Structure formats: C-alpha cells, structure tokens
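# Fold and contact review
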Amino acid sequence: MPATRQLIIELERDIQQRLGLVPAMYYATPDTIGAVSALWTMACAGWLDNPLPSPFKQRLVVYLGLLSGSRYCLGRHVAWLRGSGRVLEPALAASSAQLLTLLQMPPPGDDEIRRATESLDACVAQRAEIAAPGGQVELAVFVAAGSLFLGKGNPAVLRASIERASGPARTAQILLLLTWFQAERQWLQAHPELAGDEDMLALFKREPEVAQLLEARLGQVESRDRQRDKFIGVLSHELRNPVASICAVSDMFQVIGIDDERLRNASNILHRQTHALGDMLDNLLEISNLAFGKVAMAKVPLVPDELLASVLRRHEAKFNDQGISVMHTPAERRVYVMADRTRLAQVFEQILSNAHKFAHTPGSLQIVTQVEPASLTIRFRDDGSGFAPDRASAIFEPFSQGRPHTAQQTSGLGIGLTIARMIAVLHDGALEAASAGPGSGATFTLRLPLASQDAGNKPEKKTAGRPVSRIRVLAIEDNKDFAQLFRHMLEIMGCELDITSDARSGLKLAHERLPELIFCDIGLPGDMNGIDFARAVRADPELAHIPLVAVSGYSSPEDRHKAMAAGFDRVCAKPVKFADISDALSVYSTHRDTAG
C-alpha cells in the first residue's frame, strides 16, 4: 500500500524531528497508522506544544508515570527528563539527584490530598506563575494533578485549588496535559510488549540507582494491584453464586410462563433487574481484567456495520419502548477491520446503553459510518442530556458519571464507557466524546484501523445454529440452590440429567452413566476440585472423549486458562444464563451427531 507507507514515513520523520528518535510506542504499521497518528497528534497538542514550562511539565509527566504503573511509560519519560532526545534543552534537564528525589514522591493518599489543597489555597500570590522545581508548591500541584489523574478526591475542589495557585490559564494547560497522558497510558496498557528504547536502557545502565528505585516504586504499584485483583476475584466468586441462582429462577419463569398477570409482571421485573445486576458484576470484573492487561483478543477480519446491525437488533425493543428513534447510515462500501467480534460488540453495547440511559423521551440516535484512507469512523450522535465540554475526557474515567442524571435515570457503576474505550485501544483504535454542553446531546466517535485488503478477502467464519436434540448430561454442583435450578434448566431443555455435589461421586456417575456432556463447578468441596476432576476425566480412556464445560464464579482470564489447560472444553461464568447452556448443548449435540 504505497500511500499508507508514505504516511508512515512522514509520521516517523515528524516524530524524529521533534523527539530526536522514534520511540517504540510510535512505531506504526499499515493497520495501525491511523491510531498512531491520532496518538501523536494528541501528544503534540497536550504535551510538546503545551505552553507549560518544559521542565515543569516533564517533571509532572514523570510523576504521573509513577502513578500509571507502566514500566515503559515511566522509563521513557525519565529518560527525556534526564536530557535524552530533544524534549528538553540540555541546560533544563534534571540532575540525577533531582530525579531521585522526584521518584521518591508519595502517591496521593487522603492526607496528601488534604495537605496539597491546603497548601495551594494558601499561595494565591503565586497566581499565573509555575512553582519552583522541587518546592512545596510544585509538590502540591503534582499531588492535586495526580489525584485528578487517578480519580481520587473531589475533582472540583482539586481543580479550584490548582487554579487559585496557578491561575485559570495554567490550570487549563495542566488539564490538557492530563487528558493527553490518559490516552498515552491506555495505549501503553494495551501494548505491554513494549520493553524499552535504546536510550532508556543506556540511561539505566549508566545510573543503576535510578533503575533500582524505578523498579522498587513500580513493584509497590504492582503489589497493590495484585491485592486488589485478588480481592475482586474472591468478591466475584462470592457474589456470582447467589446472583446465578436468582438469574436462573428468573430465566426459568421466562421459559415456562406464568398465567397470573400480576406474577407475570413481577417476573418480568425480576428478570430485568437480576440480569442488570449480573451485567454490573460482569463489568466490574471486566474493567479489572482490562486495566491489568488480562484480556485475550481473537482478532479476525469482520465488517463493523454488519456487527453493529446485529447489536442494534438486540436493542431495538428497548429503544422503541422509550420512544427513541435510531437511524444507522452504513458506510458506502463494504470494508473490514481486524477485530475480536465479541469485544467489538461489547463496545457497541456500551455506547448504545449509554445513549439509551441519557436519552430524552422522545428522542433520536443517529449513527453514521464513514470510511477514511486508513481507518473507519463510526459516530453515535444522541440528543440526550449532554455534558460540559471540559468533561469529555472525565466521562471515560472509571466510576465517573460524566452526564447529569434525570430523576428517572439510575446511576449505575459508571464504568461502561471506560470498558468501551479500553477495548477500542486494544484494537489500535480510539473512542472520543464531545458535547456542546448540558442538554445539547453528545457524540461518541469510534475509530478503527482498516484491515489490509488480503485480510478482508478472508471474512470470519460463521456457524449455523442447530436445534438441540436429547442429550445425556452429568452436572456437578455443590451449591444446593443453584444445583436445583440447574436441574430445572436442563430438564426444560429436554436433557437426561444426573446431578451430584462433589467430584468423587461425579467420577463414579460418569463411569456408570457415560454421559455425552458434563457440566462441572470449579470450586468443589473435598479433596478433588473441578480442575482435578477435569484432569482425571482426560486421563481416563473410558471418559476422555466426553466434552467438559466448567461452570464457575472464578472467571478471570487466568482461571479460564487454568480450566482449559486442565481439560475443559468451555467455561461458562456464573451467573449462567439459559443462552449459555443452550449454546453449549447445541455445540456438543452437533459434535455427537457428527461423530455418530
């Protein structure tokens, strides 16, 4: 693609001129040139061309790098602060001592935030002036800016404190820097393979004390993240069992039907609310996995407009019930992107859910897909509540509610758009938001790099659905309530079912009944859990051919990988839905019929 190659050459020439080198995070390919160009444009506007004094903004970026947890991000900006490349003039570069002092600055805790705001509120005389390097005022500004970056503290109070000390113009410039840095951090989180550039590695070799301190600080961040990750994993398992039981009851009522109208209405409410609870739990776990780079991507060439159309069909009734008209204008020609079908659908789901949540009634949602030279752009324009223009970046922050709510709107967790943006970055794309102000609606723009022409000639394979024939099933589940509901679900689907509560009796039943499919919980009691059970089945010549489906509240990528490695063919996370079980039955009854 000569035109694309020329774009890459021009981009690298521009980066080389500005930075003195082309860092690994700006390496572009024909598939990623659009995304890398957008990232570079943001870097120029928010960082390089930002009117903040160069030493101050580079010191602030290093402090933010400490909070980001990214080795490459922190190491890259440390090297620039020490004088590598053309970011700083040699006379403005930090000394080794100054750098070591900066790297020992604490993260913003509650006490640090309180002291920082008090310090900034007391130095009104310094308005419009940037504090001296290494002084208490600079420390206070860094803590306040770092708190905004991490979403800690009251953002209005923090912003007001920075403005009292630095003036409105400098404050706006600091916020612009934060906006760019958030984008860079998300890009680097999606590319953990970036290890370091030559000048970075040379610096660490010359100054080992810097490398040691850098590793120690990042180790503290990683330890904190591991503790949080472990807590979320345990929490998810404890919550998934009761939610799974409630969802199963709800699904069963929907399948068997209820004659009494009052009970039917109550059942519909139960169905909606329990599945909303399940979705919130899934989102909470998803954002943890995305934040720590624990999401596997299975990218294939696909047509985004076709995937979007299928997602829109699922939302059609919900929009119609609220009086919201949806119009989708697809691209003028059929184009492909390299994407994970499930993950990209998740982006569409989150954007559509956000539009529905904040829509006016009646209202409209306009969706337009456009093809650009190297990328695809999909714009979602609603006429809902909108938001203040300076909140365009903040609404993508975890647990942030960027748009004002009406009395009818529920608050939710505020992480749907965070997830959508992270997934867009994992596709080497971007998700941006814009609004003219409250009451003016909002526009969300998704950009994805186009796939090469060769990839587009090999579209993803689709498997046709198949009705489930009667199949002999063994289920192993120790939670009595869920086991009973699981029995009802499988019986409703016409299965011959045996069910037990522990792995040892499950193995005995498997030998006696020779089931055609086994559903097994992971966290089973006794001396054999679900992982041990799967290994025993796969090692047994009489049972090794039987498909195994794990049903578990442990659903992190590591848990799934461990289950698959033990011999499971599929993992269904609790709360299990009728659709999950039906799909598994359909797949393995097809396998049985084909093998027979």
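Heads up: the structure comes first, above all this text.
As a starting point, this report considers the structure included with it. (Residues numbered from 1 in each chain as written. Predicted model: local features only at pLDDT ≥ 70, side-chain atom pairs only at ≥ 80, totals over all residues. Heavy atoms only, no water.)

### Let's talk about the packing of aromatic side chains
- Summed over all chains, the structure comprises eight aromatic pairs.
- Here Trp47 and Trp180 contribute two aromatic rings whose centre-to-centre distance is 5.2 Å and whose plane-to-plane angle is 5°, an arrangement assigned as stacked. Taken together, the residues span a long stretch of sequence, with Trp47 in helix α2 (residues 33-48) and Trp180 in helix α8 (residues 155-189) at a distance of 133 residues. When sorted by exposure, Trp47 lands in the same class as Trp180, which is buried.
- A centroid spacing of 5.6 Å and a plane angle of 50° characterise the contact between Phe56 and Phe142, whose relative ring orientation is tilted. Of this pair, Phe56 sits in helix α3 (residues 54-68) while Phe142 sits in helix α7 (residues 136-150), and the two are 86 residues apart along the sequence.
- Classification of Phe142 as buried rests on a relative accessible area of 0%.
- Feature note: the residues Trp47, Trp80, Phe149, Trp180 and Phe181 constitute an aromatic cluster, connected by ring pairs. (Phe/Tyr/Trp six-rings, centres within 6.5 Å; stacked < 30°, edge-to-face > 60°. Helix = DSSP H or I, 4+ residues; strand = E, 2+ residues; numbered from the N terminus. Buried < 20%, exposed > 50% of the residue type's maximum accessible area, 1.4 Å probe, protein only.)

### Digging into empty space enclosed by the protein
- Applying the stated criterion across every chain, the model contains one cavity of 30 Å³ or more.
- Of the pockets and cavities examined, the largest cavity occupies roughly 150 Å³.
- Contributing to the lining of the largest cavity are 13 residues, with Met42, Ala183, Val425, Gly429 and Ala430 lying nearest its centre.
- Counting residues per element, the lining of the largest cavity draws most heavily on α2, at four residues.
- In the lining of the largest cavity, the residues fall into nine nonpolar, two polar and two charged. (1 Å grid on protein atoms, 1.4 Å probe; cavity = no way out; pocket = protein on both sides within 12 Å on 5 of 7 lines; lining within 4 Å. Points joined across faces, edges and corners; volume = space filled by probe spheres on them. Nonpolar A, V, L, I, M, F, W, Y, C, P; charged D, E, K, R; others polar.)

### Focus: the packing of α3 against helix α4 (residues 71-81)
- For the pair α3 and α4, interaxial distance at closest approach is 8 Å and the crossing angle is 160°. Judged on the interaxial angle alone, α4 and α3 are roughly antiparallel. The hand of the α3/α4 crossing is left-handed. Touching Gln58, Arg59, Val61, Val62, Gly65, Leu66 and Ser68 of α3 are Cys73, Leu74, His77, Val78, Trp80 and Leu81, all from α4.
- Counted by class, the contact of α3 with α4 contains eight nonpolar, four polar and one charged residues. (Axes fitted to C-alpha atoms, helices over the stretch in contact; angles between N-to-C directions. Parallel < 35°, antiparallel > 145°, perpendicular 65-115°, else oblique. Left-handed = near helix turned anticlockwise from the far one by under 90°. Contact = heavy atoms within 4.5 Å.)

### Brief notes about helix α5 (residues 96-103)
- When we look at burial in α5, the residues that qualify are Leu99, Leu100, Leu102 and Leu103. Buried residues along α5 cover an arc of 160° about the axis, so they all sit on one side. Seen from the buried face of α5, the exposed residues on the opposite side, beyond 90 degrees, are Ala97 and Thr101. (Arc of directions from axis to C-beta.)

### Some details on the pairing of strand β6 (residues 430-434)
- A one-sided burial pattern is seen for β6, the buried positions being Leu431 and Ala433 and the unburied ones Ala430, Glu432 and Ala434.
- Examined bridge by bridge, β6 and strand β7 (residues 442-449) share five bridges and lie antiparallel to one another. Each bridged residue has a counterpart across the sheet, and for Ala434 the counterpart in β7 is Thr443. (Pairing = 2+ DSSP bridges.)

### Structural notes on the side chain of Arg421
- Residue placement: Arg421 occurs in helix α14 (residues 416-426).
- Arg421 gets classed as buried once you look at its relative accessible area, which sits at 13%.
- Apart from the residues lying within four places of it in its own chain, the contact partners of Arg421 are Gln186, Ser393, Phe396 and Leu431.

### Quick word on the sheet that holds strand β11 (residues 548-552)
- Read from one edge of the open sheet, five strands run β9-β8-β10-β11-β12, paired in parallel fashion. Looking at the sheet topology across the chains shown, the edges are occupied by β9 (496-500) and β12 (570-573). Shown here is a sheet whose adjacent strand axes are inclined to one another by a mean of 20°, direction ignored.
- Sheet topology note: the strand β8 (residues 472-476)/β9 ladder contains five bridges and is parallel. Across the sheet, residue Ala475 finds its bridge partner in β9, namely Ile499.

### Remarks on α14
- Across the 11 residues of α14, 11 count as buried, placing the element largely inside the fold.
- Within α14 the residues assigned to the buried category are Gly416, Leu417, Thr418, Ile419, Ala420, Arg421, Met422, Ile423, Ala424, Val425 and Leu426.
- Positive backbone phi, at 60°, marks Asp428, one or two positions downstream of α14.

### Quick notes on the pattern of salt bridges
- According to the stated counting rule, one finds 17 salt bridges in the structure shown.
- Between Arg71 and Glu215 there is a salt bridge whose closest N-O contact spans 2.8 Å. With Arg71 in helix α4 and Glu215 in helix α10 (residues 208-256), the pair connects residues that are 144 residues apart, well separated along the chain.
- A salt bridge links Asp569 to Arg538; the nearest nitrogen and oxygen atoms lie 2.8 Å apart. With Asp569 in the loop between α19 (557-566) and β12 and Arg538 in helix α18 (residues 530-539), the pair connects residues that are 31 residues apart, well separated along the chain.
- Arg538 gets classed as partly exposed once you look at its relative accessible area, which sits at 26%.
- Residues participating in the shared-partner salt-bridge network are Arg76, Asp197 and Asp199. (Salt bridge = Lys/Arg side-chain N within 4 Å of Asp/Glu carboxyl O.)

### Points about unusual backbone geometry
- Following Thr361, the chain continues into Pro362 via a peptide bond in cis, with omega recorded as -5°.
- When you line up the elements, Pro362 lands in the loop between α13 (341-357) and β4 (363-371).
- Despite not being glycine, Asp428 shows a phi value in the positive range, around 60°.
- Relative to the helices and strands, Asp428 is located in the loop between α14 and β6.
- If you check the backbone angles, Leu514 has positive phi at about 45° while not being a glycine.

These figures capture arrangement, not role.
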